[in-house]
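Working through the structure, step by step
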Amino acid sequence: MNMNSTPTEGPPADVTLHIAPVVVEISPSRFISTVGYNGTSPGPILRMKQGKAVTVDVINDTDANEFVHWHGLFVPSEVDGAEEEGTPAVPPQARRRFQFIPNPGGTRWYHSHAMAMGDLHRGSYTGQFGFLMIDSGADAGQYDQEVFLALRDWEPFYTDQNMDTDELTGVGPTPEKPAVLDTRPNGLEPTTLTYTVNDKMLGFADPIRVKQGSRVLVHLLNASAIENRFVSLPGHMFHVFALDGNPVPTPTDAETVMLGPGERVDAYIEMNHPGVWILGAIDDPTRNGGLGIVVEYENQHGQPQFLAPKQTFFDYTIFGRQGHQPEPDHTIDMAFEKIPSGSGRFNLYTVNGKPYPHDNEFLLQKGARYRLLFRNRTDDSHPLHLHRHSFELVNMNGTATSGIMKDTVIAPLYSRVTVDFVADQPGLTLFHCHIQHHMDFGFKALFKYS
Ligand SMILES: [Cu+2]
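The following paragraphs examine the structure supplied in this document. Everything numeric here is computed off the predicted structure, so don't read it as measured data. (Residues numbered from 1 in each chain as written. Predicted model: local features only at pLDDT ≥ 70, side-chain atom pairs only at ≥ 80, totals over all residues. Heavy atoms only, no water.)

Here we come to the pattern of salt bridges. Evaluated as defined, the whole model comprises 28 salt bridges. A salt bridge links Arg-377 to Glu-176, with the shortest nitrogen-to-oxygen separation between them at 2.9 Å. Note that Arg-377 is positioned in the loop between β25 (369–376) and β26 (382–386) and Glu-176 in the loop between α2 (166–169) and β11 (189–191), a separation of 201 residues in sequence. Judged by its relative accessible area of 33%, Arg-377 falls in the partly exposed class. In this structure Glu-176 comes out as buried when scored by relative accessible area, which is 5%. Asp-244 is the partner of Lys-406 in a salt bridge, and the nearest nitrogen-oxygen pair spans 3.0 Å. Residue Lys-406 is located in strand β29 (residues 405–406), and its partner Asp-244 is located in the loop between β16 (238–243) and β17 (246–254); the two are separated by 162 residues in the primary sequence. Asp-244 matches Lys-406 in its accessibility class, with the two residues each being buried. (Salt bridge = Lys/Arg side-chain N within 4 Å of Asp/Glu carboxyl O. Helix = DSSP H or I, 4+ residues; strand = E, 2+ residues; numbered from the N terminus. Buried < 20%, exposed > 50% of the residue type's maximum accessible area, 1.4 Å probe, protein only.)

In C-alpha cells:
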C-alpha cells in the first residue's frame, strides 16, 4: 500500500483503524460484502480513558475518501470526522493520524461519515461502525455480565413504498402537522429486509447465556443508516440508566426501548424470568428478518420465545426531572420539511425552507445558551444529531423535562421538540438527521461560532 498522507514515524498510535473490504457471515452461507474496520464488522470495541489524550491512525485501504466520526465526543472540528466541518479526508490508499482528548465519559461510538448519496455501498450503509467506551472512572454498579448489542441492517435497496416503523413513534401529539398535507407522490427511500444484532441474524449468534438472579449490563446502539428501532425482551424490563451514554436523572424501567440511528441506551436487565427468550425488534417483519438475539437461562431448553410487549411507546421524559429550564439567551427555530420527488427520484429535505448548505443562518456566540426548536413538518420520525456538543431535552411535544443530556433525539412525525445547549465548543458544528439518505439529500445545517 502507498501511504502518501501522514506520519509513519514517531511513536505507534494508541489505536489503529484499518478501513478495508470485509465479508460478514450473518448466517451460515449468507455473506455480506462490505467495508469494515480491522477486518470485522462491527469494528473492535474501543476503550479510552476520559481526559487522557489518544492518537488514532486511520488507514484507508479503499478507493474512496473516508471519514471516521467520533459520535458524541467533544472534539475539535479538524478531528471530528465531518467534511462539512473541515476535517480532512483520509484519502484512498493513505493513512492519517488524529489526536484528541476523549470526553465526555460514557457509551460513544465511531462510524463512517462519508456521504453516500445514491450509492448504498458507502458511508453508514457499510460495516464501518463500532462501540467506543469512554471510562469516566465513575462506578458502573454491580453486574454479572456485560453485553454489547449493535442493531444493524444490510443489503439496502430503494423503494417508494412506506416501509418504516413511524407508526410506533408517532402516537403522540402532532402540533406541526400542516393544515393541508402535501399529497405529491413520494420518491425513493432506502429500506432493507435483512437485519442483525452485531454481525449475526437472529438464531445464528451464540445465545446470551444467563443465570437466574443475575444482572446483565446491556449497551444498545442503533447503527442503522436507515430506520428507528424498538426492541424488548419478553418478561423482562430494561432498567435504563443512561441515554446516549449520559446518566439520566431518573433511571426507570422500560419494557420496550426505542433507538433512532445514532442513539445508545445503557440498561440493566434483572434475569428473573427463566426460559429461552428473544431480545429483539417488537415488529414481526424486522425481528423475523434477523433483528434479535437469543437469551438462554441455564438449564432451559426449547424454541426461543417472543411475546409482544404491552408497552410500545417510548417516552424520553420519564427518565428526566420535572420542571422547566431557565430561558435561553437565544432561540433558533428549525423547521424540517420533505419535498416529495415522485416515482423513481429521491426526495429532498429542507431546514427552514432550504436544503443544505445555508448561508450563515446558524451563528453561535461562545458561552451563550441556545434553544433549538425542532418543528418536524414531515411524515417521518427523524433522529436529529448535533456534533461536538451535548444538548439537554427541554420539551417533547408539550411535556417539559430537564436533566436528560443527549446528542441525538428522535423528533416523531409532525412533532415539536425543544433542546438547549451551551455553545462552549468553538468550531464548525454539523447538525443533521442521522438517517443517511435524509442527511445526504438536504437534511443538515452547519453551526458557526461568530
Ligand atoms: Cu431523517
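Strand pairing in a sheet relies on backbone hydrogen bonds, with the paired strands running either antiparallel or parallel. An order of β2-β1-β4-β6 is seen for the four strands of this open sheet, with the pairing classed as mixed. With one partner strand each, in any of the chains shown, β2 (30–37) and β6 (94–100) form the two edges of the open sheet. Averaged over neighbouring strand pairs, the angle between their axes works out to 30 degrees when direction is ignored. In the sheet, strand β1 (residues 15–27) pairs with β2 via eight bridges, with the strands oriented antiparallel. Note on β2: the bridge partner recorded for Ile-19 is Tyr-37. (Pairing = 2+ DSSP bridges. Axes fitted to C-alpha atoms, helices over the stretch in contact; angles between N-to-C directions.)

So, about the environment of Gly-72. With respect to the helices and strands, Gly-72 occurs in the loop between β5 (68–71) and α1 (77–80). Judged by relative accessible area, which is 6%, Gly-72 ranks as buried. Taking C-alpha positions, Gly-72 is 20 Å from Thr-317, a pair spaced 245 residues apart along the chain.

The next point concerns the coordination of the copper ion. Looking at the copper ion, one finds its protein donor set to be His-382 (ND1), Cys-433 (SG) and His-438 (ND1), positioned 2.0 Å from the metal centre. Between the donor residues of the copper ion, the gaps in sequence give the motif H-x50-C-x4-H. Here His-438 lies in helix α4 (residues 436–440) and His-382 lies in strand β26, a separation of 56 residues in the sequence. You'll find His-382 and His-438 in the same group, each marked buried. (Donors = N, O, S within 2.8 Å, 3.2 Å for Na, K, Ca; no water.)

Another aspect to go through is empty space enclosed by the protein. Taken as a whole and assessed by the stated rule, the structure comprises three cavities of 30 Å³ or more. What the largest cavity holds in volume is close to 50 Å³. Along its surface, the largest cavity is lined by His-111, Ser-112, His-113, Ser-124, His-432, His-434, Gln-436 and Met-439. Breaking the lining of the largest cavity down by element, the ones donating at least two residues are β7 (106–112) and α4. Here the residues of the lining of the largest cavity sort into one nonpolar, seven polar and no charged. (1 Å grid on protein atoms, 1.4 Å probe; cavity = no way out; pocket = protein on both sides within 12 Å on 5 of 7 lines; lining within 4 Å. Points joined across faces, edges and corners; volume = space filled by probe spheres on them. Nonpolar A, V, L, I, M, F, W, Y, C, P; charged D, E, K, R; others polar.)

Counting residues in each nonpolar core, the largest one holds 72 residues, and the members touching the most others are Leu-220, Val-257, Met-334, Phe-374, Val-409 and Phe-431. In this view, Met-334 contacts Val-351, Asn-352, Phe-362, Leu-372, Leu-373, Phe-374, Arg-375, Phe-431, Ala-445 and Phe-447; residues no more than four positions away in its chain are not counted. (Core = buried A, V, L, I, M, F, W, Y, C linked by side-chain atoms within 4.5 Å. Contact = heavy atoms within 4.5 Å.)

Further remarks concern unusual backbone geometry. Following Ser-41, the chain continues to Pro-42 via a peptide bond in cis, the omega torsion being 0 degrees. Between Asn-103 and Pro-104 the backbone carries a cis peptide bond, its omega angle lying at -5 degrees. Its place among the elements puts Pro-104 in the loop between β6 and β7.

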